Amino acid sequence: MNSSPATGFAQLLAAVRKVTQDVAAAHADDVDAKARFPIETLAGLREYGVLSAAVPRELGGAGCNLQELSQLCATLAQSCGSSAMVLAMHYIQLACIARHGMDSEWWRTYLRDLVRRQDLLASMTSEVGTFGDTRSSVCAVRRSDGRFRLDKDATTGSYCAHADAILVTCRRDEDAARSDQLLVLVKREDAKLTQTSTWDTMGMRGTCSPGFKLESAGDEAQILPAPFADISAQTMVPYSHVLWSSLWWGIAAGALNKAANFVRGQARQNPGTTPPAATRLAEASVQLHGIKQNWLAAARDFDALGDSPAAREELLGMGWALRLNELKIACSEASPEIVQRALKIVGILGYKNDSPFALGRPLRDALSGALMISNDRIAAKNASMLLVHKEIA
């Protein structure tokens, strides 16, 4: 591809569409079959400057808001769910820095450099002994003479072996409670990763997220100053649930597009008649548009809040926690339902892996949604909050 970095959202969206059609679609099946990282797609995104979309304009990025970032992820997911998940996870980490590190010149310089280098950020929030609770850590950061040391035994390290830096959760110090956490940037050159498990999964195989033992050190400035409790509620959870929901929509949309092409082919074979499967297609289309309105509305309302102290305080409340949790549950459960509807429309050609209408990969990818932070865990938290929250609707 011969290109120059995109500078605004319209250009970025056009660039992602091009990468989606020309690169991601061509390599998605191989990425899935070999459970390998989508290196070609990431190279295309870097070439167009897509990885810095969430960096504020004053630091050289596009300054995209949550609505815009979600549309980029949704577009890419229509061809490759794994690539879209990597992009979404990267944007989540990038937003944590952009929204909670701007008072530090070290972080501002880092973001400027990220725009230039198009660094990929990974996440390491899971840990042996916390049983999937991202708001709890066993490991602790140790500080001395302006430096830090941080070691962690993570059950999952999202594409960490392929990232330029990793944002790692940990306890504030060795005397802190498990819930008293910080977020630390670990650069690739300062980290030793020892893989402790495999990543041979049903779906999302290209995210390459096995377990790792991390040994790292770095400048104390690489520790984000805000408590992780605030970063999580004000940024990580909103961005995660909205961006994940958008890419689950994208997976479903890609599957339904195949079904639509199949139905159009049937119609061309019998001019003047409406194929029986067209009714199923219309019904699935309604459900698909409902998902899109759900995540777009949440993104729009989040962006409308702004970034004032009052807005950040509102994000700490139960109202937003419930809404975001419900968004995650609704979209993660609806996406595989729509893919299965598409499979029923296409029939055996959707079931065959060597068919142009094959739907095995999107179905397997979509099924991951309900398991990424278990819907049962989220529903249990909602149940507790609804006992005291008085505004259900």
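Residues numbered from 1 in each chain as written. Predicted model: local features only at pLDDT ≥ 70, side-chain atom pairs only at ≥ 80, totals over all residues. Heavy atoms only, no water.

**Q** For this particular structure, what's the right way to read empty space enclosed by the protein?
**A** Over the atoms rolls a probe the size of a water molecule, and in doing so it shows where empty space is left. Going through the model one piece at a time under the given rule, you end up with 1 cavity of 30 Å³ or more. The computed volume of the largest cavity comes to approximately 40 Å³. Breaking the lining of the largest cavity down by element, the ones donating at least two residues are helix 1 (9-34) and helix 11 (360-366). With 3 residues, the top contributor of residues to the lining of the largest cavity is helix 1. Of the residues belonging to the lining of the largest cavity, the class tally is 4 nonpolar, 1 polar and 4 charged. (1 Å grid on protein atoms, 1.4 Å probe; cavity = no way out; pocket = protein on both sides within 12 Å on 5 of 7 lines; lining within 4 Å. Points joined across faces, edges and corners; volume = space filled by probe spheres on them. Helix = DSSP H or I, 4+ residues; strand = E, 2+ residues; numbered from the N terminus. Nonpolar A, V, L, I, M, F, W, Y, C, P; charged D, E, K, R; others polar.)

**Q** Sorry, what's going on with the pattern of salt bridges here?
**A** Opposite charge on two side chains permits them to pair, given that their charged atoms come into close proximity. With the rule as written, the count across this model stands at 22 salt bridges. One salt bridge in this structure joins arginine 364 and aspartate 32, with 2.7 Å as the shortest N-O distance. One end of the pair, arginine 364, is in helix 11; the other, aspartate 32, is in helix 1, and 332 residues separate them in sequence. Looking at arginine 364, the relative accessible area reads 24%, which means it is partly exposed. (Salt bridge = Lys/Arg side-chain N within 4 Å of Asp/Glu carboxyl O. Buried < 20%, exposed > 50% of the residue type's maximum accessible area, 1.4 Å probe, protein only.)

**Q** How do you make sense of the packing of aromatic side chains when you look at a structure like this?
**A** Two measures describe an aromatic ring pair: the distance that separates the ring centres and the angle between the ring planes. Counting across every chain of the model gives 9 aromatic pairs. With 5.7 Å between their ring centres and 5° between their planes, tryptophan 106 and tyrosine 110 make a pair best called stacked. Here tryptophan 106 and its partner tyrosine 110 are both found in helix 5 (residues 105-117), 4 residues apart, which amounts to about one turn of the helix. Between phenylalanine 302 and tryptophan 320 the ring centres are 6.3 Å apart and the planes differ by 85°, which places this aromatic pair in the edge-to-face class. Of the two residues, phenylalanine 302 is situated in helix 7 (residues 277-305) and tryptophan 320 in helix 9 (residues 318-346); the sequence distance between them amounts to 18 residues. You'll find phenylalanine 302 and tryptophan 320 in the same group, each marked buried. Among the aromatic residues, those joined into a cluster by ring pairs are Trp106, Trp107 and Tyr110. For arginine 323, the ring lying beneath its charged end belongs to tryptophan 320, and the centroid distance is 5.4 Å. (Phe/Tyr/Trp six-rings, centres within 6.5 Å; stacked < 30°, edge-to-face > 60°. Lys NZ or Arg CZ within 6 Å of the ring centre and 35° of its normal.)

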